Each structure stands twice: as structure tokens, then as C-alpha cells.
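Here is how the chains run, residue by residue.
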Amino acid sequence: MAWVVIFVSAKALKLEKYGVEIKAYSLVYKNRGVNDVLIKILAKTKPAVSVFANVSVIAGFIMMAFAFYFLSNNIANFFVIPSAFSQLTLIIPGVTLVSAGPLAYFLLSIPIVLVMHEGGHGIVAALEKIKIKTGGFAIFIAMFAGFVEPDEEEFEKAKKISKLRVIGAGATSNVLFAIVLGIILLTNPFFAMMLEGIPLFGEPIINTFYELPDGVLILSIIENSGAEQAGLLANDIITSINGIPIYSPADFPSLNPGETATVSVLRDGQALEVGLTVMPSPDDPERGLIGIMRDNSFAYTPVMNFIDWSNVDYNISMFLLWLWMISFFIGIINMLPLPILDGGKFIHIIIDKRMSEQAVKMTMWGIYAFTFVLFGLNIALSYLKSGWFTI
């Protein structure tokens with residue numbers, strides 16, 4: 001439906017006159033003046049861009065390695081530590097992204113992220129004296145894309161290191177932008193929830209920049225529940241369930257009615273551990289409850305508090321969180337070696353001319369297949385765990 005509105009509006013406004021190519025399935029805008037703009041910017045920022053270009057090569061390898069680690073570690077978590085499994089989905093407006101709020105945050109974030117990404121490619125191409133023929137954006141029904149189109153002949157003649165700098169610059173610009181925005185968002189308690197699911201550095205950042213509570217406070221006990229029979233009391237603080245640390249309501253694991261859960265609490269500063277029988281939820285008999293009313297207030301308190309987010313409009317706060325998430329993950333995922341992503345071009349440039357053309361093709365298709373299976377498994381396991389879900 002959204003695509004119909006975009007298509008009809010583009011036709012009604014006669015956007016073809018402004019260089020927009022409109023088809024039944026796509027809308028593409030190309031601007032041939034991008035190269036001149038990039039050269040003017042480069043003239044004032046060349047030293048910084050030179051450093052950025054070199055960093056982009058190193059960052060490209062790091063981001064690719066992190067993407068592989070994230071996906072493989074997530075699959076392992078599904079089987080070994082199910083509570084730590086991060087559910088993933090492709091964000092497709094109108095299909096997997098349907099809620100009005102998140103849809104608006106996504107649509108506002110995408111142009112910024114694309115400008116950063118393609119601007120990174122473009123400015124480094126200008127540094128390497130590779131002409132950009134056109135730059136612009138495209139909408140393919142429910143998918144968004146930005147692009148800068150280098151002169152193919154000049155790109156092919158460029159040194160291998162120059163090509164790697166250009167290809168790595170897009171994702172690097174996204175992640176650097178996410179880092180800068182993330183420093184600001186460290187003052188936002190909701191940002192800690194996003195960091196929880198990120199391996200390697202998520203937990204250390206939370207431990208450094210947020211004060212963690214002892215656990216979740218029990219407000220009251222449900223009569224005849226497993227919690228009551230086990231002797232839990234109001235004002236007890238739940239610190240773990242089945243060995244899973246509990247810092248906030250979001251940490252509570254899924255439980256099945258009838259199973260026995262081990263619950264650790266603090267009572268007047270003393271640690272206690274009890275076993276209790278999980279009861280079925282009155283609203284959903286297949287969902288298990290331990291039988292308490294809990295304090296659902298947010299758990300994390302930022303150490304840096306130079307921004308009081310209680311005085312910031314909720315929608316602004318959520319937009320910035322979405323902007324960080326999309327910028328960071330587009331940067332990381334874009335370095336996966338798949339045919340349509342920068343990571344595929346990055347690897348191809350590295351191995352090209354180091355072996356026969358046929359060997360290069362076979363190697364690339366092997367890498368593509370492995371990456372596709374790894375990525376696809378993450379999506380499939382997410383839906384296996386929760387069924388079809390939307391945002």
C-alpha cells in the first residue's frame with residue numbers, strides 16, 4: 001500500500017522532470033553533480049579523509065570478523081544458552097515492520113544512514129582520484145538503497161589498496177557515526193537494552209557506564225502460586241532464575257507451566273535460593289509464571305547524566321535509538337561477503353588476480369554459500385523460536 005502511494009505521488013508530481021526514473025516496481029534518482037560536490041568537500045578535509053580511508057581498510061576486516069562472530073555465536077546460543085539468543089529479522093516496511101512508531105523511526109533514519117554510507121564511499125573515491133559518475137537513491141517497492149556509481153574504468157585501473165579503501169569506507173562511516181551517537185546515548189537508560197544483545201563489548205560497556213541494581217523487586221505474591229508455596233515474600237529482590245542473572249524485567253526467562261524453577265533472592269541483604277513450581281498464566285495457559293507481581297521500572301541508571309531524558313520527548317529518544325541501531329547494524333552486516341554487499345566486493349578485490357579467474361569464482365561462491373547459510377540460519381531459528389513476528 002505504501003508503495004502505491006509513493007508511485008502515484010511520484011507520477012502526480014511529475015518527478016521525471018527532476019531526473020527521477022519511475023517504474024512499476026522502482027523509483028530511482030541519479031544526480032550527476034555529486035563528483036563536483038565531493039571534490040569541494042575533499043579540498044577542505046583531505047588530511048582527515050586520508051586517515052579515514054586507511055582506517056576503513058582495517059575496520060573492514062574487523063567488521064567482517066565481528067559479523068561472522070555475532071551470527072555464529074548467536075546460533076550457538078540458540079542450542080546452548082537459549083535465553084541469550086538474539087532474534088533477528090529482515091526489516092521490510094509493511095511486511096516485518098508494521099507498527100506506526102517503529103515504521104516512522106525507520107523511515108526517518110534510513111536517509112541519514114544512506115547519506116553517511118554512500119558519502120563515505122564517495123569522498124574516499126574522490127581522494128583516490130576515482131570519478132563518481134552519479135549518486136542518488138532508489139526505492140524498490142519496500143526496500144531502500146543509496147548508491148554512488150564510480151567510473152568503472154578508473155576503478156578497475158586503481159590500485160588494490162585504493163579499491164579496498166573505497167569499499168570499506170561506507171560501512172566504516174556508518175559504524176563511526178554509530179559510535180559518536182552511542183556516546184551521547186550512554187546517558188539514556190534504554191540504550192543499555194540495545195547493548196545487552198551485542199557480544200564482546202555490550203556487557204563491558206553496560207558495566208562501565210551504567211549502575212546495575214541488585215535485581216528485580218517483588219511487590220506482592222500471588223495467592224496459591226509456586227512463589228507463595230516456596231516462601232517468597234514482598235520486598236524480596238530476585239537476583240537470578242535458573243541461573244540466569246536478573247537485573248531487569250526483560251531478563252526474566254520463558255518458563256513452562258509445571259516445571260520447577262530455581263529462584264535466587266536477596267532478603268534483608270541475605271542471599272536465599274528456593275525451588276518453586278511454575279504456574280500457568282491466567283491469560284495464556286501455555287505461558288509460565290512464578291507467581292509474583294514485580295517492579296517493572298527500568299533497571300539501568302546511566303553513570304553519565306548530562307542529558308536528562310525524562311525532559312526529552314519520547315519519540316525523539318526512540319528515533320535516536322533506532323538511528324543508532326540501523327547505522328550500526330547496516331555497517332556491520334554490509335561487510336558480510338554476499339554478492340550485493342560491500343563485504344563481497346571487499347573479499348573479491350583481495351583474492352582477485354592471486355589465482356585463476358575460475359578459482360576466484362569458485363572461491364567466492366563458496367564464501368557466498370557459507371555466509372548465506374549462516375545468515376539464513378539466524379533468521380530461520382528466530383522464527384522457529386517465536387513463529388512469525390513483526391515489529
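Residues numbered from 1 in each chain as written. Predicted model: local features only at pLDDT ≥ 70, side-chain atom pairs only at ≥ 80, totals over all residues. Heavy atoms only, no water.

Colleague: How would you explain the overall build of the protein chain if you had to name every residue and give the values?
Modeller: Secondary structure assignment for the protein chain yields eleven helices and 14 strands. Dimensions of the protein chain, computed from the C-alpha atoms along their principal axes, are close to 75 × 55 × 40 Å. A burial count over the protein chain gives 43% of its 391 residues as buried. For the protein chain, long-range pairs separated by at least 24 residues make up 67% of all intrachain contacts whose partners lie at least 6 apart in sequence. (Helix = DSSP H or I, 4+ residues; strand = E, 2+ residues; numbered from the N terminus. Buried < 20%, exposed > 50% of the residue type's maximum accessible area, 1.4 Å probe, protein only. Contact = heavy atoms within 4.5 Å.)

Colleague: Summarise the nonpolar core; cite the residues concerned and give the values.
Modeller: Counting residues in hydrophobic clusters, the biggest one holds 77 residues, and the most contacted among them are Leu185, Phe191, Leu195, Tyr210 and Trp324. Taken together, the elements giving at least two residues each to this core come down to helix H2 (34-80), helix H3 (100-127), helix H5 (160-185), helix H6 (191-196), helix H9 (314-333), helix H10 (342-351) and helix H11 (357-386). Broken down by element, the residue count for this core peaks at 15 residues, all from H2. (Core = buried A, V, L, I, M, F, W, Y, C linked by side-chain atoms within 4.5 Å.)

Colleague: How would you sum up the packing of aromatic side chains? Please name residues and give values.
Modeller: If you walk through the whole model with that rule in mind, you get 14 aromatic pairs. Each ring, one from Phe328 and one from Phe329, has its centre 5.1 Å from the other, and the planes form 85°; the classification is edge-to-face. The class of Phe328 is buried, set by a relative accessible area of 7%. Assessed through its relative accessible area of 26%, Phe329 is described here as partly exposed. The structure contains a cluster of three or more aromatic residues connected by ring pairs, namely Phe66, Phe70, Phe191, Phe201, Trp324, Phe328 and Phe329. In this structure, Arg294 is placed above the aromatic ring of Phe252, and the distance from its NZ or CZ to the ring centre is 4.4 Å. (Phe/Tyr/Trp six-rings, centres within 6.5 Å; stacked < 30°, edge-to-face > 60°. Lys NZ or Arg CZ within 6 Å of the ring centre and 35° of its normal.)

Colleague: I'd like a description of the pairing of strand S6 (residues 216-221), backed by residues and values.
Modeller: Direction of pairing for S6 relative to strand S7 (residues 237-241): antiparallel, over a ladder of two bridges. Pairing of Leu217 across the sheet is with Ile237, part of S7. Relative to strand S13 (residues 292-294), S6 runs antiparallel, the two sharing three bridges. Across the sheet, residue Ser220 finds its bridge partner in S13, namely Met293. (Pairing = 2+ DSSP bridges.)

Colleague: Please give an account of a nonpolar patch on the surface that cites residues and values.
Modeller: Residues Phe79, Val80 and Ile81 make up a contiguous nonpolar surface patch of about 340 Å² in total accessible area. Position of Phe79 among the secondary structure elements: in helix H2. You can call Phe79 exposed: its relative accessible area is 60%. (Patch = residues over 30% accessible without salt bridge, like charges linked within 9 Å, V, L, I, M, F, W, Y side chains within 5 Å. Areas by Shrake-Rupley, 256 points an atom, 1.4 Å probe, with all protein chains shown as cover. Salt bridge = Lys/Arg side-chain N within 4 Å of Asp/Glu carboxyl O.)

Colleague: So, the pattern of salt bridges: which residues are in play, and what are the values?
Modeller: Evaluation of the coordinates by the stated rule reveals seven salt bridges. Linking Glu149 and Lys133 is a salt bridge whose minimum nitrogen-to-oxygen distance equals 3.9 Å. Within this pair, whereas Glu149 is found in strand S4 (residues 143-150), its partner Lys133 is found in strand S3 (residues 132-140), the two being separated by 16 residues in sequence. For Glu149, a relative accessible area of 27% gives the class partly exposed. Lys133 gets classed as partly exposed once you look at its relative accessible area, which sits at 34%. With its nearest N and O atoms 3.9 Å apart, the salt bridge here joins Lys163 to Glu156.

Colleague: Before we move on, can you summarise the side chain of Ser173 with the specific residues and values?
Modeller: Relative to the helices and strands, Ser173 is located in helix H5. Of the polar contacts made by the side chain of Ser173, one reaches the backbone oxygen of Gly170; its length is 2.6 Å. Dropping the residues within four chain positions of it, Ser173 is found in contact with Phe52, Met116, His117 and Gly120. (Polar contact = N/O pair within 3.5 Å; in protein donor to acceptor, adjacent residues only side chain to side chain.)

Colleague: Residues and numbers for the packing of H2 against H9, please.
Modeller: Relative orientation of the contacting elements H2 and H9 amounts to 100°, with a least axis distance of 8 Å. Put simply, H2 runs roughly perpendicular to H9. Each of Met63, Phe66, Ala67 and Phe70 in H2 lies in contact with H9, whose residues at this interface are Phe328, Phe329, Gly331 and Ile332. For the contact of H2 with H9, a count of residues per class yields seven nonpolar, one polar and no charged. (Axes fitted to C-alpha atoms, helices over the stretch in contact; angles between N-to-C directions. Parallel < 35°, antiparallel > 145°, perpendicular 65-115°, else oblique. Nonpolar A, V, L, I, M, F, W, Y, C, P; charged D, E, K, R; others polar.)

Colleague: Could you give me a rundown of the environment of Asn334, with the residues and numbers involved?
Modeller: Here Asn334 lies in the loop between H9 and H10. In sequence terms Asn334 and Pro150 are 184 residues apart; their C-alpha atoms lie 19 Å from each other. Residues contacting Asn334, with those up to four places away along its chain left out, are His117, Phe329, Leu341, Asp342 and Gly343.

Colleague: Could you give an account of H10, naming the residues involved and the relevant values?
Modeller: Taken across its ten residues, H10 has seven buried, putting it largely inside the fold. When H10 is considered as a whole, its buried residues turn out to be Asp342, Gly343, Gly344, Phe346, Ile347, Ile349 and Ile351. Of the surrounding secondary structure, the elements contacted by the buried residues of H10 are H2, H3, helix H4 (152-157), H5 and H11. One or two positions beyond H10, positive phi appears at Lys353, with a value near 70°.

Colleague: Run through the environment of Pro285, naming residues and quoting values.
Modeller: Mapping Pro285 onto the fold places it in the loop between strand S11 (279-280) and strand S12 (288-289). Overall, the relative accessible area of 57% leaves Pro285 in the exposed class. Spatially, the C-alpha atoms of Pro285 and Asn315 are 35 Å apart, while their sequence positions differ by 30 residues.

Colleague: Can you explain the pairing of strand S9 (residues 260-267)? Please cite residues and give values.
Modeller: Within a regular strand, side chains alternate between the sheet's two faces. For S7 and S9, the ladder comprises four bridges, and the chain directions are antiparallel. Paired with Ile238 across the two strands is Val265, which belongs to S9. Note that S9 and strand S10 (residues 270-277) share eight bridges and pair antiparallel. Note on S10: the bridge partner recorded for Thr260 is Thr277. Count of turn residues in the S9/S10 antiparallel hairpin: two residues, of which Asp268 carries a positive phi of about 55°.

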